[in-house]
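Spelled out from the first residue to the last, the chains are:
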Amino acid sequence: MPTVRNVVKKNFFRDSVQLLHLSEEAKKLPGVIDAAVVMGTELNKELLEKQGLLTREGREAGENDMIIAVKAVDGADIEEIISKIEEMLTAPTAAETYYYSIESAIEHLPGANLALVSVPGQYAKEVVKPFLERGIHVHLFSDHVPLEDEIELKRFAAERGLLVMGPEAGTSIINGVAVAFANVVNRGPIGIVAAAGTGLQEVSVLISRAGSGITHGIGVGGRDIKSAVGGIMTLLSMRAFEADPDTQVITIVSKPPSPDVQDKIINFIANEGKKKYVTCFIGGKDYEIPPVAKGRLVQTRTLHAAALEAVRMVSEDLYKEAVKKVFLPPEEVVKIAEAETSKLSEGQKYLRGLFTGGTLTYESLVIFQELLGDVWSNTPLNKDYQLPDPWKSKENSVVDLGEEEFTAGRAHPMIDPTIRVQRIVEEAKDPEVAVLMLDMVIGYGSHPDPAGAHLDAIRKAKEIAKEGGRHLVVLAHVLGTDEDPQNAAEQERKLREAGVIVLPTNALMALTAAMIVTGRTDEALVKSFYEKFLVGRR
Amino acid sequence: MSNVEKILELFRSEVKIVNVGLEYFYKELKKQGVQAVHVMWQPRPKLEKDLEEILDKIL
């Protein structure tokens, strides 16, 4: 009989990524069947329970306590295993010099010009302020930063001409450096300001794949474009790009801003801006382009369109080439959808989107609202379609696995595929499911091999469907470039070998999924979609 | 109108980063060959209320 043992370390903190790494190391110890080292949040305790790794001791742990959970083979010395894990926990993490205070760190890095801050949100202000006081820009990754702290920090920074990128900024690219979650993209003449993390990733990657490139990508955090913050950092970044001699085209990516902030942005472009602009307010309504900005302002509805239109403003030739080579022409999409639809059985009628990127989830929901009507989600556009239980899909469902309910005390699903891998297999058991959609976000910050980590689950899911006499369509979009450490081409190859259909953009994945579940594979539908969602308005 | 000179200076300079929080991000920066340092940040331990008040008076 295997033995399960939990040891709780009271008030003992390690961050979620360190714990993920430690759990992986613990699983490799001799005699261990399964192991996990986690903070004692409710979510983590639930997952330990599902894995058969929770005991009475673990159940009593609080969220500030750490649980070491081990399942070992019969006869293994479980005490010895636990003490080895405890040793790993306290061993120095690397042969690096680390600092215990911000002051000494700054002293030891002369010329430091950017801070990357990812402390729990309630501490963000006290950590960020000293950097701003020293004239250092900040990328603030933390979530749960109080709104009043964000406003205070941004005002303080703007007065000094400094950037506060975030809070909740997952991505920025400064001078080619990928900060937090970002990709290795070409340098070029397009500047991006984004209040949407995976939005910045998708647009910068698609621009790069289309043969152009970016100067810098500034993530400002989702709340920057809301009235309370007033677009402080969005506008400051636009001013900076206006003054930057290398930037020719400025692209703005976000969910719909508050109307007053949107007005400020458009007024700035019209009255103060001199350069070319592309806006992508995903899910927003079309706005009137001011006559003075005609010809140098294009509005778009998807990340795909934003990237293409930005490239078009740089070079019409590059654009034409990209439309043909990088982005699928309508007839190709029809071909894929027809072939897959014909393999479905009676009763297979729903799609299930399992996403790790928040903006990619949102963009899919916006597209589905047009093509399918409301779909269920943990982050729905229509509140009536809030999934009652985010762990269980119903009918057409799109789930953002990066949301709080899946990440409390755990690493983000772009780093830790555990939850999605289980969910893929669960979805395949539902005989009404026709299509699975997966985003594979690569680049710095992400898992070293996301495609590889999902292959077993994808194969198993297809097998389950096959045993039930069904064909399960699995669609994926790899968000990344061939220069990323994971190599996009290599990731795509692995997925294709497992029978996955890989689409070049998130918007095209959503279109293809909708066509398959509705059985509407006519070219007229695709063409009208292209005109509405994949081309800008001037 | 805000002065954007410091942002342009960032755009023109080699990026040098102080990482505070997730050590993982520091390692990702080092993989890119970025000049970076890491601050071992921990939340301040919760003190007994009495002790905190005494410390407040002293410090």
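Quick look at the structure, then. Remember, predicted model here, so these are calculated numbers, not experimental data.

What follows is about the overall build of chain B. In terms of regular secondary structure, chain B is built from three helices and two strands. When the elements of chain B are put in sequence order from the N terminus, they spell out α-β-α-β-α. A buried classification covers 42% of the 59 residues belonging to chain B. In chain B, once contacts between residues fewer than 6 apart in sequence are set aside, the share between residues at least 24 apart is 0%. For chain B, the accessible area works out to roughly 3800 Å², and carbon and sulfur atoms hold 53% of it.

Membership of the largest hydrophobic core comes to 158 residues, with the highest contact counts inside it found for Phe131 and Val435 of chain A together with Ile17 and Val18 of chain B. Top contributing element to this core by residue count: helix H19 (residues 506-518) of chain A, with 10 residues. For this core, the domains that each give at least three residues are domain 2 (169-325) and domain 3 (330-533) of chain A. Contact partners of Val18 of chain B, with chain neighbours within four places excluded, come to Ala105, Ile106, Leu109, Ala112, Leu114, Ala115, Leu116 and Phe131 of chain A together with Val37 and Val39 of chain B. The next biggest cluster of nonpolar side chains, apart from the first, holds 33 residues, and it includes Met440, Ala457, Ile464 and Val474 of chain A.

A few words on the pairing of strand E14 (residues 350-355) of chain A. Residues and elements named next belong to chain A. In terms of residue burial, E14 counts as a mostly covered element, since six of its six residues are buried. Here E14 shows a buried face lined by Tyr350, Arg352 and Leu354 and a second buried face lined by Leu351, Gly353 and Phe355. Across five bridges, the pairing between E14 and strand E17 (residues 433-441) is parallel. Bridged to Leu354 within E17 is Leu438. Pairing between E14 and strand E16 (residues 397-400): four bridges, direction parallel. Bridge assignment links Phe355 to a residue of E16, and that residue is Asp400.

Okay, the interface of chain B and chain A next. Each partner contributes residues to the interface: chain B has 40 residues there, and chain A has 58 residues. Interface area, chain B with chain A, both sides summed: about 4400 Å², of which 66% is carbon and sulfur. Remark: the boundary between chain B and chain A carries zero salt bridges. Of all elements in the fold, only helix H1 (5-12), strand E1 (16-20), helix H2 (23-31) and strand E2 (35-39) of chain B reach the threshold of two or more residues within the side of chain B that touches chain A. Among the elements that make up the side of chain B that touches chain A, the one with the highest residue count is H2 of chain B (eight residues). Of the residues in the side of chain B that touches chain A, the class split is 22 nonpolar, nine polar and nine charged.

How each quantity is defined
- Residues numbered from 1 in each chain as written.
- Chains lettered and ligands numbered in written order.
- Predicted model: local features only at pLDDT ≥ 70, side-chain atom pairs only at ≥ 80, totals over all residues.
- Heavy atoms only, no water.
- Helix = DSSP H or I, 4+ residues; strand = E, 2+ residues; numbered from the N terminus.
- Buried < 20%, exposed > 50% of the residue type's maximum accessible area, 1.4 Å probe, protein only.
- Contact = heavy atoms within 4.5 Å.
- Areas by Shrake-Rupley, 256 points an atom, 1.4 Å probe, with all protein chains shown as cover.
- Core = buried A, V, L, I, M, F, W, Y, C linked by side-chain atoms within 4.5 Å.
- Domains from an automatic or database assignment.
- Pairing = 2+ DSSP bridges.
- Buried area = accessible area lost by both parts, 1.4 Å probe.
- Salt bridge = Lys/Arg side-chain N within 4 Å of Asp/Glu carboxyl O.
- Nonpolar A, V, L, I, M, F, W, Y, C, P; charged D, E, K, R; others polar.

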